[in-house]
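Given next are the chains, with one letter for each unit.
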Protein chains: 2
Amino acid sequence: MTSTKKIEENTGQTPAGKKAYHHGDLRAALIEATRQLVEEKGPDSFSVSEACRRAGVSTAAPYKHFKDKTEMLSAAVLEGMVRLRGNMQAALEGIPEGSPERVTAIGMEYVAFALNEPGIFRLKFGGFTDRIADPRLEEGGQQSFGILLSEVAKCMGESEVTEDVRKRSFLMWSFVHGLSFILRDHGLADKGKEFELHSLLEDVSERMLR
Amino acid sequence: MTSTKKIEENTGQTPAGKKAYHHGDLRAALIEATRQLVEEKGPDSFSVSEACRRAGVSTAAPYKHFKDKTEMLSAAVLEGMVRLRGNMQAALEGIPEGSPERVTAIGMEYVAFALNEPGIFRLKFGGFTDRIADPRLEEGGQQSFGILLSEVAKCMGESEVTEDVRKRSFLMWSFVHGLSFILRDHGLADKGKEFELHSLLEDVSERMLR
DNA sequence: AACATATGTTAGAGATGCTAACTTGATGAG
DNA sequence: CTCATCAAGTTAGCATCTCTAACATATGTT
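Residues numbered from 1 in each chain as written. Chains lettered and ligands numbered in written order. Predicted model: local features only at pLDDT ≥ 70, side-chain atom pairs only at ≥ 80, totals over all residues. Heavy atoms only, no water.

Visitor: Sorry if this is basic, but what is going on with the nonpolar core here?
Guide: Counting 118 residues, the largest nonpolar core has Leu179 of chain A together with Leu179 of chain B as its most contacted members. In contact with Leu179 of chain A, not counting residues within four places along its chain, are Val111, Leu197, Leu200 and Leu201 of chain A together with Phe170 and Ser174 of chain B. (Core = buried A, V, L, I, M, F, W, Y, C linked by side-chain atoms within 4.5 Å. Buried < 20%, exposed > 50% of the residue type's maximum accessible area, 1.4 Å probe, protein only. Contact = heavy atoms within 4.5 Å.)

Visitor: It is not clear to me how helix 3 (residues 69-92) of chain B should be interpreted in this structure. Could you clarify?
Guide: Every α-helix carries 3.6 residues per turn, so stepping three or four residues along brings you back to the same face. End to end, helix 3 of chain B covers 36 Å across 24 residues, agreeing with the expected 34 Å (1.5 Å per residue, within 8%). A positive backbone phi angle near 85° is found at Gly94 of chain B, which sits one or two residues after helix 3 of chain B. (Helix = DSSP H or I, 4+ residues; strand = E, 2+ residues; numbered from the N terminus. Expected span 1.5 Å × (residues − 1).)

Visitor: Got a minute to help me understand the pattern of salt bridges in this structure?
Guide: Here the structure, examined in full by the defined rule, presents 32 salt bridges over all chains. A salt bridge links Arg35 of chain A to Glu32 of chain A, with the shortest nitrogen-to-oxygen separation between them at 3.0 Å. With Arg35 of chain A and Glu32 of chain A both in helix 1 (residues 26-41), this residue pair falls three residues apart, about one helical turn. Take Arg35 of chain A and Glu32 of chain A: they sit in the same class, and that class is buried. For the salt bridge of Arg102 of chain B with Glu151 of chain B, the shortest nitrogen-to-oxygen distance reads 2.7 Å. Of the two residues, Arg102 of chain B sits in helix 4 (residues 100-116) while Glu151 of chain B sits in helix 6 (residues 135-155), which places them 49 residues apart along the sequence. (Salt bridge = Lys/Arg side-chain N within 4 Å of Asp/Glu carboxyl O.)

Visitor: Got a minute to help me understand the interface of chain A and chain B in this structure?
Guide: How big an interface is tends to be stated in terms of accessible area lost as the parts join. Contacts between the two partners involve 39 residues from chain A and, on the opposite side, 40 residues from chain B. Summing both partners gives a buried area of about 3,600 Å² for chain A against chain B, and 61% of it is carried by carbon and sulfur. Linking chain A with chain B are two salt bridges, by the criterion used here. Mapped onto the side of chain A that touches chain B, the elements with two or more residues apiece are helix 5 (118-125), helix 6 (135-155), helix 7 (163-186) and helix 9 (197-209) of chain A. In terms of residue count, the dominant contributor to the side of chain A that touches chain B is helix 7 of chain A (18 residues). (Buried area = accessible area lost by both parts, 1.4 Å probe.)

Visitor: Sorry if this is basic, but what is going on with the relation of the copies chain A and chain B here?
Guide: These two copies of the chain differ by a rotation about an axis and a displacement along the same axis. With an RMSD of 0.0 Å, chain A superimposes on chain B once it is rotated by 180° and translated 0.0 Å along the axis. Such a combination of turn and shift is consistent with a two-fold rotation axis. (Least-squares fit on C-alpha atoms with pLDDT ≥ 70 in both.)

Visitor: Could you clarify how one ought to interpret the packing of aromatic side chains in this entry?
Guide: The description of an aromatic ring pair uses the distance of the two centres, along with the angle that the planes make with each other. Under the counting rule described, the total for this entry stands at 11 aromatic pairs over all chains. For the pair Tyr110 of chain A and Phe125 of chain A, a centre-to-centre distance of 5.8 Å together with 40° between the ring planes defines the contact as tilted. Residue Tyr110 of chain A is located in helix 4 (residues 100-116), and its partner Phe125 of chain A is located in helix 5; the two are separated by 15 residues in the primary sequence. When the centroid spacing of 5.1 Å and the interplanar angle of 40° are considered together, the rings of Phe145 of chain B and Trp173 of chain B count as tilted. Of the two residues, Phe145 of chain B sits in helix 6 while Trp173 of chain B sits in helix 7 (residues 163-186), which places them 28 residues apart along the sequence. (Phe/Tyr/Trp six-rings, centres within 6.5 Å; stacked < 30°, edge-to-face > 60°.)

Right, here's the structure in full:
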């Protein structure tokens, strides 16, 4: 997790000592630096300059790839959301269709993401929304919610997404969303262990699906 | 709501034209300016300088009253939390003891606060926690949760706060917390009306208290 | 080879957070 | 009443940050 891999990536082509003028893939390197810094220092103390230092370029370089600071953060968040969806899909593998356990698993991944990548999570959901308003982000969110919707429908034996399915999904999403924030803010130890996380989610799933 | 009242407050004492060197109550004026700006521009674009401009003082003045920017924001949040608790207490007036409606009412106030004072709400709960770590804030939070705990206990006919009471309260808090964020981010119209807010909270209270 | 383009760089303007050193006015002791 | 003191302002200025403009260097197309 949070691999601090080297960011400079001049492909082996270039002679050793000579620093190449062009970076190779600066855009990706900057996104990775952004991700790291957002996790290390927190989203609100993130600075473009520091990302530049970490990527080994001048402070003006990013503006060839991103409109401004916000767009840089946005790009990092976007990648994070891809990871989140991937994690959810992976978690569903092997759990039988229509089992409430699938709903629980989605929730577990959501919370896990919030705890593993708190910086990115906060950027996406903590209300930077006014500044980070990329339509692709909104779309991605709908997509994640779609996964939940279809699982809930199957659990309830519905062939389509009824109003009731939609409502219950919304309730569960709210719950898991809030839980993620609270666990992140007050520390996992505080409450998360107090009542075991998985059983907590099962409890809620059961209450909501009934 | 969000009264944009005048911030300069030299008490009538001072002759009209002459701007008094001392402000009267700059500390309070700065907190109010901070609150306003946080709501207008959002917490992350808040700047001390702008608050100074609004309060009509030099940019160095705040540092006689606050250690730094964070402490200024912190003070504004602290006042907000006092308002929130006040709202909750007021909402309980007139609702019979032990009624589940009391629990619902608490939730309603929580969500209402998030929608009416989104900036402050986000500062408190959106994860600025690493920076804003005033012990009085933590204490205040516990106090609010305490209100919920005792109401839930009464609803369940328990004379004391059992482990079960604690767990259910925690679940409901998580839910309302998440709901607040989602409604705030995606706009009230989107979902809040779709399933009427009050009935949504009643639904959850009922599911959780059962 | 020559040009166009993409992607770097340096220089610098304008805003911000915060500190240092100075000023002003309110207050209480003699 | 006077004066010394202290709290609460001010101006000046440093370090840092975002972002732009103008210039430089690779890359690749013809």
